[in-house]
Amino acid sequence: MNNNKIKIIGGGLAGCEAAWQAAERGVAVKLHEMKPERYSPAHHLPGLAELVCSNSLRGESLDNAVGLLKEELKRCGSLFIAAALATRVPAGGALAVDRQLFSAYITEKITNHPLIEVVYGEVARIPEEGIVIVASGPLTSDRLAASIATHTGNYLYFYDAIAPIVTADSIDFGKAFRASRYGKGDGDDYLNCPMDEATYKAFVAALLGGDKVAAKDFEKVVHFEGCMPIEEMAERGPETLRFGPMKPVGLPDPRTGVEPYAVVQLRQENRDGTLFNLVGFQTKLTYPEQKRIFSMIPGLEHAEFVRLGSMHRNTFINAPQLLLPTFQLKNTPRILFAGQITGVEGYVESAGSGFMAGINGAQLAKGEALTVPPPTTALGALVHHITSVDTKHFQPMNVNYGLFPELGGKVKKKDKRARLAERALADLTEWQGMVKD
Ligand SMILES: Cc1cc2nc3c(=O)[nH]c(=O)nc-3n(C[C@H](O)[C@H](O)[C@H](O)COP(=O)(O)OP(=O)(O)OC[C@H]3O[C@@H](n4cnc5c(N)ncnc54)[C@H](O)[C@@H]3O)c2cc1C
C-alpha cells in the first residue's frame, strides 16, 4: 500500500538516491520534479538525475577520497553508483558515464519502483506537514527558495565564494608563521605567508595574467566588496591587495620583528586543524592556474590543494548552523535536506548526502532510530564537516582526505591514504551491520 510517507522535492542526483534508499527500506515516497514543465538554466534533459556539466564522476582509485566515497556508496547499494557502472564510458582512471543513458537508467528504476510515485511540476512551498526531503539542488526554483528561507532565515545563500584549501602538513612552517593581526584572539589563530616586494609584484602580475573561467549567463553578478574574486581586486591597482586581503599591518614576522611587505593569511578550516583556507582568495582562475599561481606564495610551494577556489550561482544553506548530522533541520526535524543545497559540492557528494537523508527519512517514517556513518568513513567525514565547521565562514565542500580524523601512531606519508581508506571501509562494514539490525 502506498501511503506516500515521504515527500522529496527534486528528482536530481540526491533526490533520486534518497527516494531509492527510502523505498528500498519499505517506505513509500512521492518524488516531485519540476522538469519537464520547468527547467533551471543548467538543466536540459527531460529525465531524472541529470548530470548538468561534466560527465565524469571523478577518480576511481582509493588514493582519492572521491574514489573511496564511490566505493562506500557501491557497498551500500547506491542507485547512483549502479547507474554509473551500467552506463560508464572509457575515461582512464575516472568513472565517466553516458549522461543520457545514466539519466534514462535512473528514471526507469525510479518510475518502476512500486513504492515511488513521481509527480511532475514545480513545488512552490515546503509542505506544511509530513516528512519532507528538500533536494532541489544548486539552482532551486525561486518560489521554493523563498519558502526555504522561511525556515532558514538569513542562512540561505545564492552564490558561493570558495577560497582554496590546503592540507596543514603540506605547508612549509619554516616560512609561514602563526599570528593574529595585532595579537587579537589567541594571538596565533592565523598562519601567515610573508611576501617581500619582489615576490608580491610577481604574484600580482601572475594573477593579472592568469586564465579565468568564463561565467555562464545566469552566473553574471556584481560581486559584493567582501567577496570579490582576488584577480578582480588585483585589477583595481598594484597596491589594492596590499591594502585588502594581503594587508601586512599588525602582523610582524616573529622571527624578524618586522612587518612583511604583504601577507597571505590562512585560517584554520576544521576543528582537527588538518586544513587551512586562504583568506579572501575566492577566485575564478582556472584550476591549473590556481595551482601554479598560489604555489608562488612563500610557504605554499608544495601545498596540497584539497579544494580549489570557485564562484558559482549555488543555492545552499548554512548547514553547521541549521542541520543535524542526520540531515534534519534542527528547528523542524521532520524536514531534511539533501544534495548540493546542504553545502556538499559535487555529483558524488550530492548523491552521498541523498543516500544518508533517504535512510534517515525512512527511519523517521518508521519511527526508528536515525543514524550517522562514523566520521572515519568518507560519508561520515563529509557530514561531520558540513555540520560542525565554523558557521561564520561556511562554504560548500567536496570530499577529501583532509576531512578525515588523523590515524593513530606514526604512518609514513606515502601510506597514509591507503590506511585511511582501509580504516574507512572496515568502519563502514561495522556501521552497515548496526544499521541493518
Ligand atoms: C552549472 C553547474 C555545473 C556543475 N558541474 C558539476 C560537475 O561538472 N561536476 C560535479 O561533480 N558537480 C557539478 N556541479 C555541482 C553539483 O554536483 C550538481 O549540481 C549536482 O547535480 C547536485 O545534485 P543535487 O541533487 O543536489 O541537485 P540537482 O541534480 O540539480 O537536482 C535538483 C533537481 O530539483 C529540481 N527542482 C528544483 N527546484 C524544484 C522545485 N521547486 N520543484 C520541483 N523540482 C525542483 C531540478 O529540476 C533538479 O532536477 C555543477 C552545478 C552547476 C549548477
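Residues numbered from 1 in each chain as written. Predicted model: local features only at pLDDT ≥ 70, side-chain atom pairs only at ≥ 80, totals over all residues. Heavy atoms only, no water.

Draft legend 1. Structural context of the environment of Asn 192. With respect to the element layout, Asn 192 can be found in strand 11 (residues 190-195). Considering only alpha carbons, one finds Asn 192 and Ile 335, 143 residues apart in sequence, at a separation of 41 Å. Once residues lying within four places of it in the same chain are set aside, the contact partners of Asn 192 are Lys 175, Ala 176, Phe 177, Arg 178, Ala 179, Leu 251, Val 263, Val 264 and Gln 265. A distance of 3.5 Å separates a polar side-chain atom of Asn 192 from the backbone oxygen of Tyr 190. Of the polar contacts made by the side chain of Asn 192, one reaches the side chain of Gln 265; its length is 2.8 Å. (Helix = DSSP H or I, 4+ residues; strand = E, 2+ residues; numbered from the N terminus. Contact = heavy atoms within 4.5 Å. Polar contact = N/O pair within 3.5 Å; in protein donor to acceptor, adjacent residues only side chain to side chain.)

Draft legend 2. Main features of the sheet that holds strand 3 (residues 56-59). Spatially, the 3 strands line up as an open sheet ordered 3-5-4, and their pairing is antiparallel. Each end of this open sheet is capped by a strand with a single partner; those strands are strand 3 and strand 4 (88-89). Here 2 bridges tie strand 3 to strand 5 (residues 94-97), and the two strands are oriented antiparallel to one another. The residue of strand 5 that forms the bridge with Ser 56 is Ala 96. (Pairing = 2+ DSSP bridges.)

Draft legend 3. Quick look at the packing of aromatic side chains. In the structure shown here, the tally under the stated rule is 8 aromatic pairs. Ring geometry for Tyr 157 and Phe 316: centres 5.1 Å apart, planes at 55°, overall tilted. With Tyr 157 in strand 8 (residues 156-159) and Phe 316 in strand 15 (residues 313-317), the pair connects residues that are 159 residues apart, well separated along the chain. Given the relative accessible area of 25%, Tyr 157 is considered partly exposed. Considering the side-chain rings of Phe 281 and Phe 294, the 5.5 Å spacing of their centres and the 65° angle between planes classify their relative orientation as edge-to-face. Here Phe 294 lies in helix 8 (residues 287-294) and Phe 281 lies in the loop between strand 13 (275-278) and helix 8, a separation of 13 residues in the sequence. Its relative accessible area of 0% is what places Phe 281 among the buried residues. Residue classification places Phe 294 among the buried residues on the basis of a relative accessible area of 0%. What links up through ring pairs into an aromatic cluster is the set Tyr 157, Phe 316 and Phe 394. A cation over a ring is seen here: Arg 242 above Tyr 261, with NZ or CZ 3.9 Å from the ring centre. (Phe/Tyr/Trp six-rings, centres within 6.5 Å; stacked < 30°, edge-to-face > 60°. Buried < 20%, exposed > 50% of the residue type's maximum accessible area, 1.4 Å probe, protein only. Lys NZ or Arg CZ within 6 Å of the ring centre and 35° of its normal.)

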